[in-house]
Amino acid sequence: MNAPDHHIPKGPRLTSLSHGGGSDCKIAKEVLTEILKNTNKLPIPPELLIGIDTADDAAVYQLSDDIALIATTAFFMPIVDDPYEFGRIAATNAISDVYATGGKPFNVLSTEVIGKVLEGGESVCREAGIPIAGGHTIDSVEAIDGLVALGVVHPKKIKRNSDAKVGDRLILGKPLGVGVLSAALEKEQLSGAGYRQMIAVTTKLNTPDPDLTAMDGVHALTDVTGFGLAGHALELARGAKAGVAIDWAKVPLLDGVRALVEQGMVTGASGRNWEGYAKDIDLPADFLPHDQALLSNPRTSGGLLVSCDAASVDDVLAVFKQHGFGAAAEIGEIVQGDAARLRIH
């Protein structure tokens, strides 16, 4: 089914001007690890509460006893053809990393200032209640947009991706499948309903974060982005020095994505992700190839992945529901043994 004209603007398609789009542009995990292998030799001040050693969502630097600064940057090539929607998605994606660290965003710097793209980013910043305080421009052969997002958090309220505990339950805030929809869009095989679904989920701010951060039973947070559900679940496992078990039947998926995967609508990053961490994953014998692609599929502006104690599950789900995340679901747990392994059942 060809994509309707209403979401393909006149002129060159943005997605045709770049070699990848959204979180599909991320460098493969094993390549990034090799690039950064010597950074631990740099001096680390005690005020740096979160650096790059745990592959967390943002850096956090303590300014005082009560305030820590969260800083993150996220930018990528177009995932959609509409410049306004591209700007909205890029802004939502960048601000998400502040939420995923337990903080409150207060400022952003724009890395692109062209027309409708900036207008789209401004609309999301307005929704989040923050200004664009400055920016930077580059002359590039490919379209790129993103933000430097800044936030604040009390040092004792930081939510790291490395603080999950054995026995914790995992709750996923947004359904999987954005990468599949974006692949279908690029191939002009995405329906109007699929496009509207894609825009709705990628521009939805992770606003449950402040309420989740205030809960003592919430131990760890991250957001599911470029490395897919499997990659980010493994990051939780490494931090906890434990294993992760996911009940695949409970993982929420966007409407229609299974059928699209069966038609070959997958991004190149899905395969690269799988090559990077397949050795750390145990699959059931009847696990289907298209489910494997969904497990490793990159997410742009992904949902929060929450690690909380069993007694907090209902409260966490209630918070998600209050903020309009009706698809949020408990999908697994942190388990003893099998350190840094993911088991799908």
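Note that the structure is predicted; figures quoted are calculated from it, not measured. (Residues numbered from 1 in each chain as written. Predicted model: local features only at pLDDT ≥ 70, side-chain atom pairs only at ≥ 80, totals over all residues. Heavy atoms only, no water.)

**Student:** Just to check I follow, could you spell out the overall build of the chain for this structure?
**Tutor:** Secondary structure assignment for the chain yields 11 helices and 13 strands. Excluding contacts between residues fewer than 6 apart, the proportion of contacts in the chain whose partners are at least 24 apart in sequence is 84%. With the model as given, the accessible surface of the chain reaches about 14800 Å², and the carbon-plus-sulfur share is 55%. (Helix = DSSP H or I, 4+ residues; strand = E, 2+ residues; numbered from the N terminus. Contact = heavy atoms within 4.5 Å. Areas by Shrake-Rupley, 256 points an atom, 1.4 Å probe, with all protein chains shown as cover.)

**Student:** Please explain the packing of aromatic side chains as it appears in this structure.
**Tutor:** For any two aromatic rings, the description comes down to two numbers: the centre-to-centre distance and the angle of the planes. Overall, the coordinates contain three aromatic pairs when judged by the stated rule. Centroid distance Trp274 to Tyr277: 6.4 Å. Interplanar angle 80°. Geometry classified as edge-to-face. Here Tyr277 and Trp274 lie together in helix 9 (residues 268–277), a separation of three residues that amounts to about one turn. For Trp274, a relative accessible area of 15% translates into the label buried. Take Tyr277: its relative accessible area is 4%, and that puts it in the buried class. For Lys204, the ring lying beneath its charged end belongs to Phe325, and the centroid distance is 4.7 Å. (Phe/Tyr/Trp six-rings, centres within 6.5 Å; stacked < 30°, edge-to-face > 60°. Buried < 20%, exposed > 50% of the residue type's maximum accessible area, 1.4 Å probe, protein only. Lys NZ or Arg CZ within 6 Å of the ring centre and 35° of its normal.)

**Student:** Hey, could you run me through the packing of helix 4 (residues 178–186) against helix 5 (residues 192–202) in this one?
**Tutor:** Helix packing for two helices is described by the angle between their axes and how far apart those axes are. At a minimum axis separation of 10 Å, helix 4 and helix 5 run at an interaxial angle of 135°. By the angle between their axes, helix 4 is oblique relative to helix 5. Considering the relative orientation of helix 4 and helix 5, their crossing is left-handed. In this structure, helix 4 uses Val178, Leu181, Ser182 and Leu185 to contact helix 5, whose residues at the interface are Gly194, Tyr195, Gln197, Met198, Val201 and Thr202. Classifying every residue of the contact of helix 4 with helix 5 by side-chain character gives six nonpolar, four polar and no charged. (Axes fitted to C-alpha atoms, helices over the stretch in contact; angles between N-to-C directions. Parallel < 35°, antiparallel > 145°, perpendicular 65-115°, else oblique. Left-handed = near helix turned anticlockwise from the far one by under 90°. Nonpolar A, V, L, I, M, F, W, Y, C, P; charged D, E, K, R; others polar.)

**Student:** It is not clear to me how the nonpolar core should be interpreted in this structure. Could you clarify?
**Tutor:** Proteins that are soluble and globular tend to have nonpolar side chains buried together. Judged by nonpolar contacts, the single largest core of 55 residues is most densely connected at Val80, Leu229, Ile246, Trp248 and Ile331. Broken down by element, the residue count for this core peaks at seven residues, all from helix 7 (residues 228–240). Not counting the four nearest positions on each side in its chain, Ile331 is found in contact with Leu170, Leu172, Leu229, Ala245, Ile246, Asp247, Lys250, Val251, Pro252 and Leu305. Of all hydrophobic cores here, the second largest spans 21 residues; its members include Ala74, Tyr99, Ile158 and Leu205. (Core = buried A, V, L, I, M, F, W, Y, C linked by side-chain atoms within 4.5 Å.)

**Student:** I keep staring at helix 7 and nothing clicks. Help me out?
**Tutor:** Count 3.6 residues to each turn of an α-helix, and residues three or four apart come out pointing the same way. Helix length check: helix 7 (13 residues) gives 19 Å between terminal C-alpha atoms against 18 Å at 1.5 Å per residue, within 8%. Where helix 7 is concerned, the buried positions are Gly228, Leu229, Ala230, Gly231, His232, Ala233, Leu234, Glu235, Leu236, Ala237 and Ala240. Looking one or two residues beyond helix 7, the residue adopting positive phi is Lys241, at roughly 55°. (Expected span 1.5 Å × (residues − 1).)

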